[in-house]
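Reading the structure
Single-letter residue listing:
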Amino acid sequence: IPNHLYCYFQGNKDYDSPAGSNGIFHNNTLVVGCKTTVIPTGTRAIGKGAFLGCAGLGEMIVLGTVTTIDDDAFKDCTGLTRVEIPASMYSVGASFAGCTSLATMVCRTKDVLSVTDKTFEGAKSRFIVFVDQKNYNNYLAHDVWSHMTIVGYIPGDANGDQAVNVADVMEDVNAAMNTRTTTIDTNGADVNGDNLIDDTDTEAIVALLKTAEYPAV
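None of the values given here were measured: they were computed from a predicted structure. (Residues numbered from 1 in each chain as written. Predicted model: local features only at pLDDT ≥ 70, side-chain atom pairs only at ≥ 80, totals over all residues. Heavy atoms only, no water.)

Counting its regular elements, the protein chain contains 5 helices and 9 strands. Ordered by position from the N terminus, the helices and strands of the protein chain form the series α-β-β-β-β-β-β-β-β-α-β-α-α-α. Across the 217 residues in the protein chain, those meeting the buried criterion constitute 42%. For the protein chain, long-range pairs separated by at least 24 residues make up 33% of all intrachain contacts whose partners lie at least 6 apart in sequence. When the accessible surface of the protein chain is totalled, it reaches about 10,700 Å², and 52% of it is carbon and sulfur. (Helix = DSSP H or I, 4+ residues; strand = E, 2+ residues; numbered from the N terminus. Buried < 20%, exposed > 50% of the residue type's maximum accessible area, 1.4 Å probe, protein only. Contact = heavy atoms within 4.5 Å. Areas by Shrake-Rupley, 256 points an atom, 1.4 Å probe, with all protein chains shown as cover.)

On to the pairing of strand E6 (residues 82-85). If a strand is regular, its side chains alternate between the two faces of the sheet. Alternating positions in E6 separate into two faces, Arg82 and Glu84 on one and Val83 and Ile85 on the other, with burial throughout. As judged from the 3 bridges shared by strand E4 (residues 59-61) and E6, these two strands associate in the parallel manner. Looking at the pairing, Met60 lines up with Val83 of E6. Pairing between E6 and strand E7 (residues 104-107): 4 bridges, direction parallel. Along E7, the bridge assignment pairs Arg82 with Thr104. (Pairing = 2+ DSSP bridges.)

Judged by nonpolar contacts, the single largest core of 37 residues is most densely connected at Ile46, Ile69, Phe74, Phe120 and Trp145. Elements with a minimum of two residues in this core: E6, E7 and strand E8 (128-132). When sequence neighbours within four positions are dropped, the list of residues in contact with Phe74 reads Ile46, Phe51, Leu57, Met60, Ile69, Leu80, Ser95, Phe96, Ala97 and Cys99. In this structure, Ile154, Val164, Val169 and Leu208 belong to the second largest nonpolar core, which totals 5 residues. (Core = buried A, V, L, I, M, F, W, Y, C linked by side-chain atoms within 4.5 Å.)

What follows is the structure in structure tokens.
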């Protein structure tokens, strides 16, 4: 956090900067971020203009506790190339305007993420959006998303064979142990979207096998 901001907020009971976060928070809302900000678990919102003009921000993994990304949160973050949106989100406003380098977005939402024609205004005209395969056609039919390159993935399909099966369980276990021998489908393997592949993802794949929600062989 810049020294002038740290000095300003130090001792202020209304604002906080959790250890290791490199950000300033108010009521579980990130209000000021920087290129090294790590959003801690429990954060509920990314406030208006939190990363405004932060050209050095390259990637943003939004945690599953976040439900709101306010307008202009990432406006003019010209170095931002990749964003992950968690299942806890259902809509965003004019949050990514001016993100001219945005190349990849992963939407882990259960339904189509609601956006407006202002959400990506001035951003890269066409970037890749990974979505749950169940929502693929709905994204293609959407007024805004249809202008992007939509790629479907199946949560739990760790090996990319378009099915969720025992092989995916083993692939996830091997990935967690760093002993995998095949190319893993990261979007499918990271079922809970925490940017880690670990035993919680393996448990989630087993749960998916029991529900028969996705194709299995």
